[in-house]
Amino acid sequence: MGHIVVSENLSLDGVVRDPTGEEGFARGGWFERMDDATRRAWAEIEDEEARSASALLLGRRSYEWFARRWASRPGDWADRLRALPKYVVGSAVDDLGWGVATRLHGDPVRAVARLRATVDGDIVVYASRLLVHTLIDHDLVDELRLTTFPCVLGAGERLFGVTGAPKTLRLADVRTVGAELTIGTYRCAR
């Protein structure tokens, strides 16, 4: 059985919107503020995460964003992301041309539950805020890996949305990345 891992970059107040500043959000670009040493340390951890993953699960917009940036990027990390099976939730995806990619059809909750039952290992979810809301609300997330950037944006779309019931998490690990970031790993208690 698969293990769904949500891996997110977010501000201290939980904002995930426009980390690179490309969307025109006035408070965007917060990801770009880290120093070079921290960026290298962060990239090593992300590369390690990709190497241990069995698959990626993405919402449509996030898939398109990643595909534009990673499809032709050189290097071992990019090669690994291209090689990973990718599963995309969203019917409006025009081109699934980034490596091995499959569109999940029908009800997303049922489709992800089926995927989880068939893939062995970590199914990593990057970005995909609305998909993450749905997965958390339907108890399909096994683990959250939250990389927190030391800024408070005060506005913007946040990782966590309204849920039908409270969700209990257990802290599994905390580590610092470079001089600026922390990664908190939480496991969902069921």
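About the cut-offs
Residues numbered from 1 in each chain as written. Predicted model: local features only at pLDDT ≥ 70, side-chain atom pairs only at ≥ 80, totals over all residues. Heavy atoms only, no water. Buried < 20%, exposed > 50% of the residue type's maximum accessible area, 1.4 Å probe, protein only. Helix = DSSP H or I, 4+ residues; strand = E, 2+ residues; numbered from the N terminus. Pairing = 2+ DSSP bridges. Core = buried A, V, L, I, M, F, W, Y, C linked by side-chain atoms within 4.5 Å. Contact = heavy atoms within 4.5 Å.

Q: Account for the pairing of strand β3 (residues 86–89), with residues named and values stated.
A: On β3, burial covers both faces: Lys-86 and Val-88 on one face and Tyr-87 and Val-89 on the other are all buried. Examined bridge by bridge, β3 and strand β4 (residues 101–104) share four bridges and lie parallel to one another. Bridging from a neighbouring strand, Lys-86 pairs with Ala-101 of β4.

Q: Which residues make up the nonpolar core, and what values go with them?
A: Membership of the largest hydrophobic core comes to 30 residues, with the highest contact counts inside it found for Leu-81, Trp-98 and Tyr-126. Listing elements by their share of this core, those giving two or more residues are α1 (36–52), β2 (53–59), α2 (60–70), α3 (76–83), β5 (121–126) and β8 (181–188). When residues of this core are assigned to their parent elements, the largest contribution, four residues, is made by α2. Excluding anything up to four places from it in sequence, Trp-98 contacts Leu-56, Leu-58, Tyr-63, Phe-66, Ala-67, Trp-70, Ala-71, Leu-81, Arg-82 and Lys-86. The next biggest cluster of nonpolar side chains, apart from the first, holds 25 residues, and it includes Leu-104, Val-112, Val-125 and Leu-131.

Q: How would you sum up the environment of Arg-60? Please name residues and give values.
A: Counting through the fold element by element, Arg-60 comes out in helix α2. Taking relative accessible area as the criterion, Arg-60 reaches 29% and is therefore assigned partly exposed. Taking the C-alpha atoms as reference points, Arg-60 and Asp-13, 47 residues apart in sequence, are found 25 Å from one another.

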